[in-house]
Amino acid sequence: MKTKKWIAYGVTGIVGLGLIAGGATAAATAMDLRDAEGTTLPGGQVTGKSTPTLDGSTPVKMDVTDDTAKVVTAVTPTPSPVTPPSATTPVTPPTPVTQATPPSPLTPPSPVTPATPATAASAPSN
């Protein structure tokens, strides 16, 4: 009986979390992002990977009020150096063809070894 009670609590909790997540998604969809003048900023999905804009070594100063934030000083990006194209390597001449080696002469078969004589039978033991 206790197991059924805990299953009911778990299901109720999962359904509650689903409702909260759905409400948060609906609220976020209804909101607009606006600048200090009140103009709606265009939105879109952020995709792709890129290098970070700020590396954290130079701080950015911001002027923050109750409902706005302005960047007072920002880091100016340093342009990356342009690398010259690499020189192409010259074409190497083909290597000359080597002559085939002649086959080695056949070795004569080894002589047959003579058979060893049979040993005499030993006397039976008691």
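Residues numbered from 1 in each chain as written. Predicted model: local features only at pLDDT ≥ 70, side-chain atom pairs only at ≥ 80, totals over all residues. Heavy atoms only, no water.

1. So, the overall build of the protein
Definition in use: What counts as a helix is a DSSP run of H or I of at least four residues, what counts as a strand is a run of E of at least two, and both are numbered from the N terminus. Remark: exposure states derive from per-residue accessible area (1.4 Å probe, protein chains only) relative to the maximum for the residue type, with buried under 20%, exposed over 50%, and partly exposed in between. Note that accessible areas follow from Shrake-Rupley with a 1.4 Å probe, and for residues the cover is restricted to the protein chains shown.
When helices and strands are tallied, the protein shows one helix and two strands. Each of the 126 residues in the protein was classed as buried or not, and the buried ones make up 0%. About 13000 Å² of surface is accessible on the protein, with carbon and sulfur atoms providing 65% of the total.

2. Some thoughts on the environment of Lys70
The test is simple: The contact criterion used throughout is that any non-hydrogen atoms of two residues lie within 4.5 Å.
Looking at where Lys70 falls in the secondary structure, it is placed in strand E2 (residues 69-73). Sequence separation of Lys70 and Ala36 is 34 residues, and the distance between their C-alpha atoms is 8.4 Å. Discounting chain neighbours no more than four positions away, the residues touching Lys70 are Lys61, Met62 and Asp63.

3. With respect to the confidence of the model for the protein
Which entries qualify depends on this criterion: pLDDT measures how confident the predictor is about each residue, on a scale from 0 to 100.
Within the protein, residue pLDDT values average 76, and 77% of them lie at 70 or more. Across the protein, element-level confidence peaks in helix H1 (residues 2-30) with a mean pLDDT of 89 and bottoms out in E2 with 70.

4. A word on the packing of aromatic side chains
Geometry of an aromatic ring pair is reported as the spacing of the ring centres plus the angle between the planes. To keep it simple, the criterion reads: Pairing of aromatic rings covers Phe, Tyr and Trp, the last counted by its six-membered ring, and requires centre-to-centre distances within 6.5 Å; plane angles under 30 degrees mean stacked, over 60 mean edge-to-face, and any other angle means tilted.
The full count for this structure, using the stated rule, is one aromatic pair. Taking 5.6 Å as the distance between ring centres and 80° as the angle between the ring planes, the aromatic pair formed by Trp6 and Tyr9 counts as edge-to-face. Taken together, the residues span about one helical turn, with Trp6 and Tyr9 both in helix H1 at a distance of three residues. With a relative accessible area of 48%, Tyr9 lands in the partly exposed category.

5. Description of a nonpolar patch on the surface
To keep it simple, the criterion reads: Patch membership requires over 30% relative accessible area and the absence of a salt bridge. Like charges are linked within 9 Å, and nonpolar side chains (Val, Leu, Ile, Met, Phe, Trp, Tyr) within 5 Å. Definition used for salt bridges: Asp or Glu carboxyl oxygen within 4 Å of a side-chain nitrogen of Lys or Arg.
Where nonpolar side chains cluster on the molecular surface, the patch consists of Ile7, Val11, Val15 and Leu19 and spans about 400 Å² of accessible area. Tracing the backbone shows Val15 in helix H1.

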